[in-house]
Amino acid sequence: MELLGNIQSTMMTRHQKAEIMIAGEQLRLRLHDSKLIKDRRHHLRTYPNCFVAQELVDWLIAHKEVPDRETAVPLMQHLMDHDIIHHVCDKWPVFKDAQYLYRFRKDDGTFPFNIEVKIFMRGQRLYEHLITSKDSILQLRQEKGVAYVRSFPGYILIDWLLQNGEIESRRQGLDLCKALLEHGIIQHVSLKHHFFDSGLLYQFCINFSWRRRLSELLHETENEEVECITQQSQEDQAGSPFTMHKTSPPEGNSDFLSVQPTLDGRCGSLTHQQHSSRGYPLTASLTVALAVRCNPTSVLKRCVTCEELLSPGAPYVKRVLTILGDALGWGFVVRGKSPCYVQAVDPASPAAAAGIKVRQFVCRVNGCSVLHLDYRTLSKVVMTGPRVVTLEVMEPLD
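Residues numbered from 1 in each chain as written. Predicted model: local features only at pLDDT ≥ 70, side-chain atom pairs only at ≥ 80, totals over all residues. Heavy atoms only, no water.

**A closer look at the overall build of the chain**
Moving on, step 1. Scanning the chain from N- to C-terminus turns up 12 helices and 15 strands.
Moving on, step 2. Every one of the 398 residues in the chain was classed for burial, and the buried ones make up 54%.
Moving on, step 3. Long-range pairs, those at least 24 residues apart, make up 64% of the contacts in the chain between residues at least 6 apart in sequence.
Moving on, step 4. When the accessible surface of the chain is totalled, it reaches about 17900 Å², and 54% of it is carbon and sulfur. (Helix = DSSP H or I, 4+ residues; strand = E, 2+ residues; numbered from the N terminus. Buried < 20%, exposed > 50% of the residue type's maximum accessible area, 1.4 Å probe, protein only. Contact = heavy atoms within 4.5 Å. Areas by Shrake-Rupley, 256 points an atom, 1.4 Å probe, with all protein chains shown as cover.)

Below is the structure:
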């Protein structure tokens with residue numbers, strides 16, 4: 001168990017690094033599309049594929065990736081610290097909001113392709129192949145009575161790798177899959193096992209296709225520190241923000257945590273994210289992260305069990321709601337160990353428009369029963385799934 005715990009801790013660290021790499025690559029592609037990255041001349045020398053720091057900061061603010069220049073500078077420094085970008089002459093080890101030229105290391109071939117990066121890129125390529133495959137092995141499956149979306153048995157993944165020429169033997173496939181798990185690319189559905197060539201179910205724990213919000217990167221370190229001081233016994237009380245904003249919450253809804261999230265806006269979860277929220281200066285972001293971990297008062301009037309929800313004649317009505325996520329996510333917060341319930345809803349979000357309300361209990365997600373899942377697992381089900389989410393909820397008659 002101690003070994004598994006160490007593996008999970010390492011997975012989390014590597015997962016956070018992966019999120020930074022994805023966000024950096026998505027930014028690079030967007031800057032190329034916006035023509036901010038181009039060949040530039042300085043002191044009679046041409047520097048290919050670079051950008052001007054001040055122009056980039058202007059772009060970040062104009063595209064609402066950051067609220068101000070003070071936030072943009074530490075954000076870009078974060079990318080420099082992780083070898084995503086660098087000064088074209090490596091003259092400045094810090095990011096300066098000035099007329100200096102910087103470049104993405106992927107654009108000049110100086111990106112450090114160590115074993116960790118190679119495994120990450122291999123995992124990304126496999127994910128994209130699997131998610132777009134007509135007969136994908138990523139399917140709804142059950143393990144110990146619990147359904148998991150986009151899951152796959154270990155032996156089927158190795159079969160697929162062999163059939164598609166990704167590996168030459170099952171032994172090689174097992175080594176690859178173990179490396180993917182240890183680097184936070186895949187995981188056992190209930191985080192209880194390492195990778196085995198067996199019928200145990202696994203899932204990708206990174207949604208490579210979802211666009212990350214850059215402001216989330218600032219909070220990675222702060223959230224790690226907060227996580228260290230959080231009592232594990234309070235896990236069932238902690239909130240799982242499917243949505244967070246950098247704007248103040250409306251009056252009368254103090255339970256809605258007003259911060260931005262993971263890897264992707266509203267769909268963020270403060271356990272990785274990376275996951276994911278973050279549009280403030282470092283000092284403010286730490287304060288926000290601490291606030292999230294302080295377990296706001298539950299909106300429930302009393303504790304409710306799964307058995308009570310399912311019992312005949314219970315004072316609840318079932319509703320099926322479909323949420324079409326926007327660029328930031330879905331817009332609601334769930335809490336609870338089992339059953340999970342809606343703790344808060346952003347009034348300007350897709351969730352509110354779909355009819356999601358506080359105190360609703362989440363029973364099914366995209367046809368899969370989630371009534372007996374805790375909020376962390378439920379979060380992953382939503383965040384690794386499609387943007388259109390169908391929820392079956394139980395709503396109190398009162």
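**Structural notes on helix 7 (residues 170-182)**
Moving on, step 1. Under the 1.5 Å per step criterion, the end-to-end length of helix 7 is 18 Å for 13 residues, consistent within 8% with the ideal 18 Å.
Moving on, step 2. Restricting attention to buried positions, one finds in helix 7 the residues Gly173, Leu174, Leu176, Cys177, Ala179, Leu180 and Leu181. (Expected span 1.5 Å × (residues − 1).)

**Let's talk about the sheet that holds strand 6 (residues 146-153)**
Moving on, step 1. Ordered in space as 5-6-8-7, the 4 strands form an open sheet in which the pairing is antiparallel. The two strands at the open ends of the sheet, each matched to only one other strand, are strand 5 (139-143) and strand 7 (186-188). With strand direction ignored, the average angle separating the axes of adjacent strands in the sheet is 60°.
Moving on, step 2. Its contacts with the sheet put helix 6 (residues 154-163) on strand 5, strand 6 and strand 8 (201-204), and the angle it makes with strand 6 is roughly 30°.
Moving on, step 3. Where helix 7 meets the sheet, its contacts fall on strand 7 and strand 8, and the angle it forms with strand 7 comes to roughly 90°. (Pairing = 2+ DSSP bridges. Axes fitted to C-alpha atoms, helices over the stretch in contact; angles between N-to-C directions.)

**Focus: the confidence of the model for the chain**
Moving on, step 1. When pLDDT is averaged along the chain, the result is 76, and 75% of the positions lie at 70 or above.
Moving on, step 2. This stretch, residues 221-295, has a pLDDT under 50; its non-local contacts, to residues over four places away or in other chains, come to 231 contacts. (pLDDT = per-residue confidence, 0-100.)

**Notes on the packing of helix 5 (residues 115-132) against helix 7**
Moving on, step 1. Running from amino to carboxyl end, helix 5 crosses helix 7 at an angle of 100°, the nearest separation of the two axes being 10 Å. Classified by the angle their axes make, helix 5 and helix 7 are roughly perpendicular. From helix 5, Ile119, Arg122, Gly123 and Leu126 reach across to helix 7, where they touch Leu176, Ala179 and Leu180. (Parallel < 35°, antiparallel > 145°, perpendicular 65-115°, else oblique.)

**What about the packing of helix 6 against helix 7?**
Moving on, step 1. The N-to-C vectors of helix 6 and helix 7 enclose an angle of 120°; their axes lie 10 Å apart at closest approach. Where helix 6 crosses over helix 7, the handedness of that crossing is right-handed. Between helix 6 and helix 7, the residues in contact are Tyr155, Leu157, Ile158, Asp159, Leu161 and Leu162 and Arg170, Gly173, Leu174, Leu176 and Cys177, respectively.
Moving on, step 2. Classifying every residue of the contact of helix 6 with helix 7 gives 8 nonpolar, 1 polar and 2 charged. (Left-handed = near helix turned anticlockwise from the far one by under 90°. Nonpolar A, V, L, I, M, F, W, Y, C, P; charged D, E, K, R; others polar.)

**Topic: the sheet that holds strand 3 (residues 85-87)**
Moving on, step 1. Reading across from one edge, 1-2-4-3 is the order of the 4 strands in this open sheet, with antiparallel pairing throughout. The open sheet has two edge strands with one neighbour each: strand 1 (38-42) and strand 3. Adjacent strand axes in the sheet meet at a mean angle of 55°, parallel and antiparallel pairs treated alike.
Moving on, step 2. Of the pairings in the sheet, the one linking strand 3 to strand 4 (residues 101-104) comprises 3 bridges and is antiparallel in character. By the bridge assignment for strand 4, histidine 87 is matched with tyrosine 102.
Moving on, step 3. Against the sheet, helix 2 (residues 53-62) makes contact with strand 1, strand 2 (45-52) and strand 4, and its axis sits at roughly 25° relative to strand 2, the strand it touches most.
Moving on, step 4. Its contacts with the sheet place helix 3 (residues 69-81) against strand 3 and strand 4, and it is angled at close to 95° to strand 3.

**So, the pattern of salt bridges**
Pairing between side chains of opposite charge can happen when the charged atoms of each approach one another.
Moving on, step 1. In total, this model carries 18 salt bridges according to the counting rule given.
Moving on, step 2. Between aspartate 97 and arginine 69 there is a salt bridge, and its shortest N-O distance comes to 2.7 Å. Remark: arginine 69 occurs in helix 3 and aspartate 97 occurs in the loop between strand 3 and strand 4; sequence separation between them is 28 residues.
Moving on, step 3. Judged by its relative accessible area of 26%, aspartate 97 falls in the partly exposed class.
Moving on, step 4. Among the salt bridges present, the one from arginine 105 reaches aspartate 83, with a minimum N-O distance of 3.8 Å. Of the two residues, arginine 105 is situated in helix 4 (residues 105-108) and aspartate 83 in the loop between helix 3 and strand 3; the sequence distance between them amounts to 22 residues.
Moving on, step 5. You can call arginine 105 buried: its relative accessible area is 15%.
Moving on, step 6. Of the residues examined, aspartate 83 reaches a relative accessible area of 32% and is grouped as partly exposed.
Moving on, step 7. Through salt bridges that share partners, Glu25, Arg28, Lys106 and Asp107 make up one connected network. (Salt bridge = Lys/Arg side-chain N within 4 Å of Asp/Glu carboxyl O.)

**Things to note about the environment of isoleucine 186**
Moving on, step 1. Mapped onto the elements, isoleucine 186 comes out in strand 7.
Moving on, step 2. The exposure class assigned to isoleucine 186 is buried, which follows from its relative accessible area of 0%.
Moving on, step 3. For the pair isoleucine 186 and glycine 123, spaced 63 residues apart in the sequence, the C-alpha separation amounts to 8.5 Å.

**Considerations on the state of the cysteines**
Moving on, step 1. With the rule as written, the count across this model stands at 0 disulfides.
Moving on, step 2. Cysteine cysteine 50 is unpaired, with the sulfur of cysteine 89 as its nearest cysteine sulfur at 9.6 Å. (Disulfide = S-S within 2.5 Å.)

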